[in-house]
Structure formats: C-alpha cells, structure tokens
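Architecture at a glance
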Amino acid sequence: MMYYRQALELQAFLDMAKDEELMRGYKAAESNTEEQLRNERSLAAQCQAVADMKFTYVVSCQQYGIQKRDGDAHAQDIVRLMTTEDKSKRTLDKVYYSTLVKALPKSVDSSEVDQVHIPAEIGLGQSTYYALVANGNCSNILIQVIYRIKLPGPAILGEGKPENQNHAIIFTRGEGLQTIDMNQDNYLEEAFKMRNLLQEFLKKHGVRNPTILGLREHIFTGSVSSLAWFMSNQETSFVTIGQRLLANPLKVRFHYGHPDVFDRLFHLTRGGVSKASKMINLSEDIFAGIVIASGLCINSTLRGGNVTHHEYIQVGKGRDVGLNQITLFEAKIASGNGEQTLSRDIYRLGHRFDFFRMLSCYFTTVGFYFSTLITVFTVFVFLYGRLYLVLSGLEEGLITQPAIWDSKPLQVALASQCFVQIGFLMVLPMMVEIGLERGFRNALSDFLLMQLQLAPVFFTFSLGTKAHYFGRTLLHGGARYRATGRRFVVFHAKFADNYRLYSRSHFVKGIEFMILLIVYEIFGQSYGGSVPYILITVSIWFMVGTWLFAPFLFNPSGFEWEKISNDWTDWNKWINNRGGIGVIPENSWESWWENEQEHLRYSGLWGIIVEILLSSRFFIYQYGLVYHTSLTRKTKSVLVYGISWLVIFVILFVMKVVSIGRQRFSTTYQLVFRFIKGLIFLTFVTGLILLIALRHVTFKDIIVCILALLPTGWGLLLIAQALRPLVHWAGLWGSTQKLARGYEIMMGSLLFAPVAFLAWLPLVSELQTRMLFNQAFSRGLQISRILGGQKDRSSNKKE
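Worth saying up front: this structure is predicted, and the values here are computed from it rather than measured. (Residues numbered from 1 in each chain as written. Predicted model: local features only at pLDDT ≥ 70, side-chain atom pairs only at ≥ 80, totals over all residues. Heavy atoms only, no water.)

**Focus on the sheet that holds strand S5 (residues 176-178)**
Spatial strand order, S5-S8-S7-S9-S6: five strands in an open sheet with mixed pairing. Each having just a single partner strand, S5 and strand S6 (184-185) make up the two edges of the open sheet. Bridge count between S5 and strand S8 (residues 261-263): three bridges; the pairing is antiparallel. From the neighbouring strand, Gln 178 faces S8, where its bridge partner is Val 261. The sheet contacts of helix H12 (residues 226-247) involve strand S7 (212-219) and strand S9 (307-317), and relative to S9 the element is tilted by about 160 degrees. (Pairing = 2+ DSSP bridges. Helix = DSSP H or I, 4+ residues; strand = E, 2+ residues; numbered from the N terminus. Contact = heavy atoms within 4.5 Å. Axes fitted to C-alpha atoms, helices over the stretch in contact; angles between N-to-C directions.)

Laid out in structure tokens, this is it:
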C-alpha cells in the first residue's frame, strides 16, 4: 500500500519540476544528499512534503499491546513492518493499538509494563485502557508512541474487526479513507489513479455526491487449485459485471468496504465505517457499508449517502484456496445474512425504497440466500412428496391410468428440476464476464475446463453450506465469527476435521436424502420406463454424492493410503475421548457435540417449536414404512404403528441396561456381564430366525425395518436436544449422549469406508492431485512423499 506514497511523490515531481529537472529525471532528484534533502527548498524535500500532507498509512492492530507485553513473535513482525518502511525515509506510517494498563504500586517502574507512561491518578484495584498510535524508528528498531487516548473501558466490546476499524479512524486525517484487509495487495500503476478517483467525490452520481467509492478487485490466488480458480472467477464476475449493474441503474450496490474509499467526514459523524454490535452485525461491513450478496450501504444510504462503483482502478485480493476455508467464510456470510434478515435495518430499507429498488434490494441481498434455502427445502418436499405417493399407493393408481402413463408434459415437469441443481447456473456470470474481458472463445474453453475440474460439485456443495447456516440463524440466531485464517498454503485436512465441519450442514442431510432415495427405489415405479425415472432422481443422487464426498474429493492427499490410515487413528481417538469443561472440540467428540447444540440453548420458543415440528418428519416417514413389510401388508391397524414404537423403546431399554451393566459390572463381574450380552444377542438371533421361518420374513423386510428405525432414532435425538432441560430433569441426558455417539460412529464409518477403498486403489491419489491442483503444488507433494519415504526407511534401519 506504500505505492500510494511513491505515486504521490512522482506526481508532485511532475507537477513542480522545471524543464531541466524533468530532463534529469525523478531518480536524479531522489538521489540528492541528506543535506539537500534537509533543505526545505530542494525539489525532493518538497515532493516528500506534499506526500506527507496527502497520505497517511495506519496499521490497525488492537492486539499489539498484549502481544508486545507477552513477547509474542507477531509483535516483532509489526515492528519489522514499521522499521522496514521507515528506513526508506518515505513513510508516515502509524500503528494503532489498544492496551490495558493494570493498576500497579507507585514504586514499580512503569516502563516495564508497556513502555508507556502510567498516569499518577491510577489507583490500586483499577484498570485503565488506552488506544495508542506509534511511529516506526529505524535507529533502534523500536516503535515510538506519538499520542494515546484514554478509553472508558475495553476497546473491543462487539465484533473484533469492526471495533478495530472504528477505533482506528480517530488516528487518521483527511477527507478520503480507504480501508484495506490484511489479505489484499496493491500495484504501482493503480496507485497513480488515486488522484483521479478522489475527484469522483466532487461529482454528482445521480442526485447526490458519492459517500463511498467502490473499486473492483483482482483475485491473484486463482492458480493454486481448482477451488481457488472457481472462487477467483466467481469473485471476478461479482466485483465487475455484478457491481456495475448494482451501482447503476439499480442503485443497490454491494461490497464489503475493502478496498472501497469512504468519505471520511461523512462516516466519522455517523458511527464509523462498520457496525460492531455483537452477533447481529456479524457481517460488519454490510451495515457500514453494504448489504451482503449485492445490496447497498445501509448506514450510508439510510443517512442520505450514495454508493458508486469505479472500475478503472483495482486492488489485489487473496481469496481462500481450500474447501474448509471457503466453507467457513460462506458460513460466516450466510449467518450474517440470517441476522441481517432479522435486523431493523433491512426493515427500514424496505419501507423507504420505491418499489423497484425494494425488489432489487431484496433479490440481491437476503433474497439470494432465501432462494437458496427454498431450493434445498424444495428437494425435501419433493422427496417426501414422492415417498407419500409411493407408500400410500397413489403412484400405483396413477400409473394404471393411460392418460397419465402417456403424459409427456408430466414426465418433463417431474424431470425439470434435475437441470437446476447441478450447479451450472452459478457458472453463467463467470462466462459472461470472461467473454467480455477475454473473448467468448476463452469463456467457453474455461467453462468446459471447469466442468472437467468438477465445478458443479463445488457449487452444489456450496449450496448446502449457504442453506444450512442461513436457515439455522433464521430459526435460532446465534451467528458468530468464524476465523478462516486466510492461509495461502493448501494442506491436507484430517477426516475428523472434515466430519466436525460438515456433519450437520451436509453429511446428515446427504444421508437422509440417500435413505429416501433407497426407499423410493425399493417401492417406487417409474413413469413410462427407466429414462424418466433416471431423470427424476439423477440430480438428487448427484447432490447426495456431492454433499457426502466433496470434502474428501477436494482434500489434498485425500486418497493417499498413509494419510487415510492416520486419519482413521485420529478419528477413533477423537470419537472415544471424553470431553468436559475446558476441553476443546478438536480433542473430544463430547465437547464438539455440546458445542454443536449451542444455538439451541439461546433459541426462542418458536425456534424450539419449529425444530420439533421439523424433526417429526421422521415419525411420519416411519408411519408410512412400517406398513410395507410382509408381516403388516394386509393390515392397516394403528396398532402396527404402536408396536413399532414398542420395538424402538425395547431397543433403547436394552441399550440402557447394557450401558448400566458396563459401568457397574464390567470390572467386578466381567464374566456375568459377558454372559448377559451373549444372552441378549442369542435372543435377538432366535427371534429373527423364528420370524423368517414362521412368518416368512424376507431380507427386504429386514432392510425396510432398519430404514424405518434408524431415522426415527435420529428424530428422537433431535427432539431430546431441543428439549434438553426436560431431558436433564428426567435423568436421560446421559443415555441421549451415548445414543448420539452411536449414530456418529455409524455415520463416520459409512463415510470413511468408500474413501478408504478409493485410497486402496492405485493411481486414484495421483489422478486427484493432477486434476485439482496446479503443477507446482503437485510437484511439491511428490517431493514430500519421496522425502517422507526416505525418512521412514532410515528410521526402520535404525530400529
């Protein structure tokens, strides 16, 4: 970002230099001696003075005081940044940070605390907070505090990032303020255009002068992997063709404030460039700014501001390059949209817009995420509706009617949804933008290459992320910041890490869809042959496969046998470790499970009621399935449904007895405990044999019973979690926890088995690496394997 200063100095030189100085060039003026530089009349000194008046660079780091006091290496990195720039004699850099100075006896030297003078009025038992600004000092490799502001309390009360930004504004000056993220870059040729860009503040765009000047971004991380390329193309189309349309004519432009240029005086008097209220303003820059997923600046617009987009200047941007990082980012944005939907701000915008801007605002902000939620919800409705037709006998009756059997429009209507869910529509804006910038032949070739690199898999998986976190936040609130780390390195994620991250958002729903499709396969009949049947179900099967296995498909070294073996060991260690207070979720399944239910503890009454109603779908599904075994096909008595519940409670009772027996008798009366377990097993086998011999129970009946009982148990678990205080009062929480662990083990084993089988096959890992990652990463991965193999062989020789 220091290119801005260099550009200002060069532009000042071109404005002020005489003909002979222009002939000598800027380098000649720059190479003057220190004496000439100290001379105020020298051209170089004047250029630097102009740059000092026009440009200030503030690094906002609220943790620096704590890191410095604790001896953290990150504090030395900040000092290195300051002193490196200061050595060039070109900077007016500042580091802003907040620090806590605890009360100390007057005899203690204050310089030992934070190298900042402690006022004498501080008494014992008190704590004082300061916001400080410091300059770099290249002579002694230290920073020098310029001034400080005493704060009434801690600097960070709300969300960390917006609080950090708003506290740093007081240390800036001038009329224009550009906010830059830590993962952004700049280019010298773009820095020369800043003077032109600032002139846009003086021009009316519509009926008002702009208060936020939006810029496009250049995503420079697209060559790392296929995921990084997808994100790069998606972001490029969004910050170009999308932003142009939103700014003009819709006047509902979205961006998140970085690298936008703010009218500093306008926003300084209206609460800053970010809203920092806890949770509700999780996506802080939306409100500062701008509504997520294409909308407009809420604070700025509601207070008479105007947001524009200027594409003749751009700033570099490093996007997330791994699936887990991308998912965490999308989860944060989706949760922020859920909170935004519930906020007063969007309500006020809707009431103050004209009809067309209101529609534009909706469909480019919360409407996008609401449509995503409806898309996934429609798949549930479609599958349960088809299941109702199958299990109720209506489908068989409809097929017997020739008018329906030969109805081509009906077949097309039932199969039409398969073309929407595969993810092709998410690629269309990219094709348009690539076509405009590089030609439509390149756009078509990039489109085909993205299909070969499994872009539909990524976008279908991303659909589930947005729908899950947006829906959960709408029901229960509780959005929270999710740190992605912004790491540039592509790394292998362990199986347990993937399970923790995607279990509730993708794996559970994918398994539910799979069970529904299997039941439909068992009992369903197709319209007019197998082709319409395949068209009806193929897209949902694609969604199931994507939601279950995309995290492993896009995982570097995801099918390498050695890493898979280590992942299985790590998974078993995690699933079997007991949690408790202070145990992080990465070390124990129990702690992770408790953390996953955090949103239910603070949910309202209606949120709990809706959660219970949604969980009751498993009981309706069970009701339809229990009447389709050979034992119950001839009767429709409600007693059959009651007996199925009796079987479920007997199974749960036996599991409770075994659990109690393991706790009390497994050590002292180990032989008796094993005898009881053997007796239970023999009773189960004997009953099954009698049913097969006397009642002609088939293998299909056994599969149907399993498919009926397992989802019902999961529904009971969901209701128990929603009614946790009541379950605690009944003393059944421990049993609920053990049942949940059993389900997690089953789901984990179901997911791990195909991954392990593919890892066992030769060349699968090599094919994955070459297809999804760039050549540099693939080459580095192969070298690391060779070095790892050499280490293993040398260690074996030593042994």
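**A word on the confidence of the model for the protein**
Mean pLDDT over the protein works out to 78, with 78% of the residues at or above the 70 mark. Mean pLDDT per element in the protein: helix H8 (residues 111-114) is the minimum at 30, and helix H10 (residues 188-191) is the maximum at 93. Across residues 790-799, confidence stays below pLDDT 50; counting only partners more than four residues off in sequence or on other chains, it has one contact. (pLDDT = per-residue confidence, 0-100.)

**Overview of a positive patch on the surface**
A surface patch of like charges, here positive, comprises Arg 578, Lys 656, Arg 662, Arg 674, Lys 677 and Lys 738. Looking at the positive patch, the elements with two or more residues in it are helix H33 (638-665) and helix H34 (670-694). Relative to the helices and strands, Arg 578 is located in the loop between helix H28 (561-576) and helix H29 (589-596). Overall, Arg 578 belongs to the exposed group, its relative accessible area being 64%. (Patch = residues over 30% accessible without salt bridge, like charges linked within 9 Å, V, L, I, M, F, W, Y side chains within 5 Å. Areas by Shrake-Rupley, 256 points an atom, 1.4 Å probe, with all protein chains shown as cover. Salt bridge = Lys/Arg side-chain N within 4 Å of Asp/Glu carboxyl O. Lys, Arg positive; Asp, Glu negative; His and termini not counted. Charge placed at Lys NZ, Arg CZ, Asp CG, Glu CD. Buried < 20%, exposed > 50% of the residue type's maximum accessible area, 1.4 Å probe, protein only.)

**Focus: H34**
Structurally, the α-helix is built with 3.6 residues per turn, so residues lying three or four positions apart point the same way. With 25 residues, H34 extends 36 Å from end C-alpha to end C-alpha; this agrees with the ideal 36 Å at 1.5 Å per step. Immediately downstream of H34, the backbone of His 696 shows phi near 55 degrees, a positive value. (Expected span 1.5 Å × (residues − 1).)

**Focus on the side chain of Ser 505**
With respect to the helices and strands, Ser 505 occurs in helix H26 (residues 495-523). Among the polar contacts listed, one links the side chain of Ser 505 to the side chain of His 506, at a separation of 2.7 Å. If near-sequence neighbours (up to four positions away) are discounted, Ser 505 is found in contact with Gly 464, His 468 and Tyr 469. (Polar contact = N/O pair within 3.5 Å; in protein donor to acceptor, adjacent residues only side chain to side chain.)

**Quick notes on the packing of helix H32 (residues 617-625) against helix H35 (residues 699-722)**
H35 packs onto H32 with a crossing angle of 160 degrees between their chain directions and a minimal axis gap of 8 Å. Accordingly, the angle class assigned to the pair H32 and H35 is roughly antiparallel. In this structure, the crossing between H32 and H35 has a hand that is left-handed. The residues of H35 that touch H32, namely those facing Phe 618, Phe 619, Tyr 621, Gln 622 and Leu 625, are Val 704, Leu 707, Ala 708, Pro 711, Thr 712, Trp 714, Gly 715, Leu 716, Leu 718 and Ile 719. Considering only residue class, the contact of H32 with H35 consists of twelve nonpolar, three polar and no charged. (Parallel < 35°, antiparallel > 145°, perpendicular 65-115°, else oblique. Left-handed = near helix turned anticlockwise from the far one by under 90°. Nonpolar A, V, L, I, M, F, W, Y, C, P; charged D, E, K, R; others polar.)

**Focus: the pairing of S7**
Burial of S7 is extensive: seven of the eight residues sit out of reach of the surface. Relative to S8, S7 runs antiparallel, the two being bridged by two bridges. Within the sheet, the bridge partner assigned to Leu 213 lies in S8 and is Val 261. Bridging between S7 and S9 involves eight bridges; their strand directions are parallel. Note on S9: the bridge partner recorded for Leu 215 is His 310.

**What about the packing of aromatic side chains?**
Tallying each qualifying case throughout the model produces 34 aromatic pairs. Ring centres 5.1 Å apart and planes at 70 degrees place the aromatic pair Phe 461 and Tyr 502 in the edge-to-face group. Within this pair, whereas Phe 461 is found in helix H25 (residues 455-476), its partner Tyr 502 is found in helix H26, the two being separated by 41 residues in sequence. The exposure class assigned to Phe 461 is buried, which follows from its relative accessible area of 2%. Judged by its relative accessible area of 0%, Tyr 502 is buried. With a centroid separation of 5.6 Å and 65 degrees between ring planes, the pair formed by Trp 574 and Trp 592 is classed as edge-to-face. Here the residue Trp 574 occupies a position in helix H28, and Trp 592 occupies one in helix H29, the gap between them amounting to 18 residues. As far as the burial class goes, Trp 574 and Trp 592 line up, both buried. Grouped by ring-pair contacts, the aromatic residues Phe 461, Phe 495, Tyr 499, Tyr 502, Phe 507, Phe 552, Trp 568, Trp 571, Trp 574, Trp 592 and Phe 752 constitute a single cluster. (Phe/Tyr/Trp six-rings, centres within 6.5 Å; stacked < 30°, edge-to-face > 60°.)

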